[in-house]
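Breakdown of the fold
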Amino acid sequence: NDDRLNQLWQEQILLARHPGVCLDLASLPAHVRDEDYPYPSVCDFIRQAVEIVGADKLLWGTDIPTLLNMATYSQLLNFVARYCGFLSESDRAKILGNNALRVYGGA
């Protein structure tokens, strides 16, 4: 419900329209300190990004150790894996690891 935060997020999302630019979702829970796990506003931020630039441009992360004062590793993983119900299985897999393998290389 913070208009300035929403405006900043929209501006960041639009950056991912450029080739070679992806969005790291790691620190989003830190921006909703008034919310508890599973961070419904963060799921809304992710939904907006998927709608605007697609799941291929999103990278999940934990921002550990910084976010360990807010959540456990499991919670940081599960708010996307379990609570962003709007994501298809394919989009969820992209965000939770396949995009990182594509962008950074890997097995």
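So, here's what we can say about the structure. Each chain carries its own residue numbering, running from 1 in the written order of its sequence. Per-residue local features of the predicted model are confined to residues with pLDDT of at least 70, and side-chain atom pairs are confined, for both listing and counting, to 80 or more; whole-chain, interface and lining totals are unaffected and use all residues. Heavy atoms throughout the structure, all of them, feed into the side-chain values; hydrogens and water do not.

**As for a nonpolar patch on the surface**
There is a patch of nonpolar side chains on the surface, built from I64, L68 and Y73 and spanning about 280 Å² of accessible area. Here a strand is any run of E in DSSP of at least two residues, a helix any run of H or I of at least four, and the numbering for each starts at the N terminus. With respect to the helices and strands, L68 occurs in the loop between β2 (58-59) and α3 (73-81). Residue L68 is classed as partly exposed on the basis of its relative accessible area of 45%. What makes a patch is a set of residues exposed beyond 30% relative accessible area and free of salt bridges, joined within 9 Å when like-charged and within 5 Å when nonpolar (Val, Leu, Ile, Met, Phe, Trp, Tyr). In short, Shrake-Rupley with a 1.4 Å probe defines the accessible areas, and a residue's cover is counted only from the protein chains shown. Any carboxyl oxygen of Asp or Glu that lies within 4 Å of a side-chain nitrogen of Lys or Arg is treated as forming a salt bridge with it. Think of it in three bands: residues with accessible area under 20% of the maximum for their type are buried, residues over 50% are exposed, and the middle band is partly exposed, with areas taken using a 1.4 Å probe on protein chains only.

**What about the side chain of K57?**
Within the element layout of this structure, K57 appears in the loop between α2 (40-53) and β2. Among the polar contacts listed, one links the side chain of K57 to the backbone oxygen of A16, at a separation of 3.0 Å. Among residues more than four places away in sequence, those in contact with K57 are A16, H18, P19, G20, V21, C22, L23 and N99. Contacts described as polar in this section are N or O atom pairs within 3.5 Å, which, within protein, must combine one atom able to donate a hydrogen with one able to accept it, while residues neighboring in sequence count only if both atoms come from side chains. Contact between two residues is taken to exist if any of their heavy atoms lie within 4.5 Å; hydrogens are not considered.

**What to know about the packing of helix α1 (residues 3-15) against α2**
For helices, the fitted line uses only the C-alpha atoms of the stretch in contact; every axis is such a line through C-alpha atoms, and the angle between N-to-C directions lies from 0 to 180 degrees. Contact pair α1 / α2: the axes reach a minimum separation of 10 Å and the direction vectors enclose 35 degrees. Our pair here, α1 against α2, has a crossing hand that is right-handed. Contacts from L5, N6, W9, Q10, I13 and L14 of α1 reach α2 at F45, Q48, A49, I52 and V53. The handedness criterion is simple: a crossing whose near helix is rotated anticlockwise from the far helix by less than a right angle is left-handed, and one whose near helix is rotated clockwise is right-handed.

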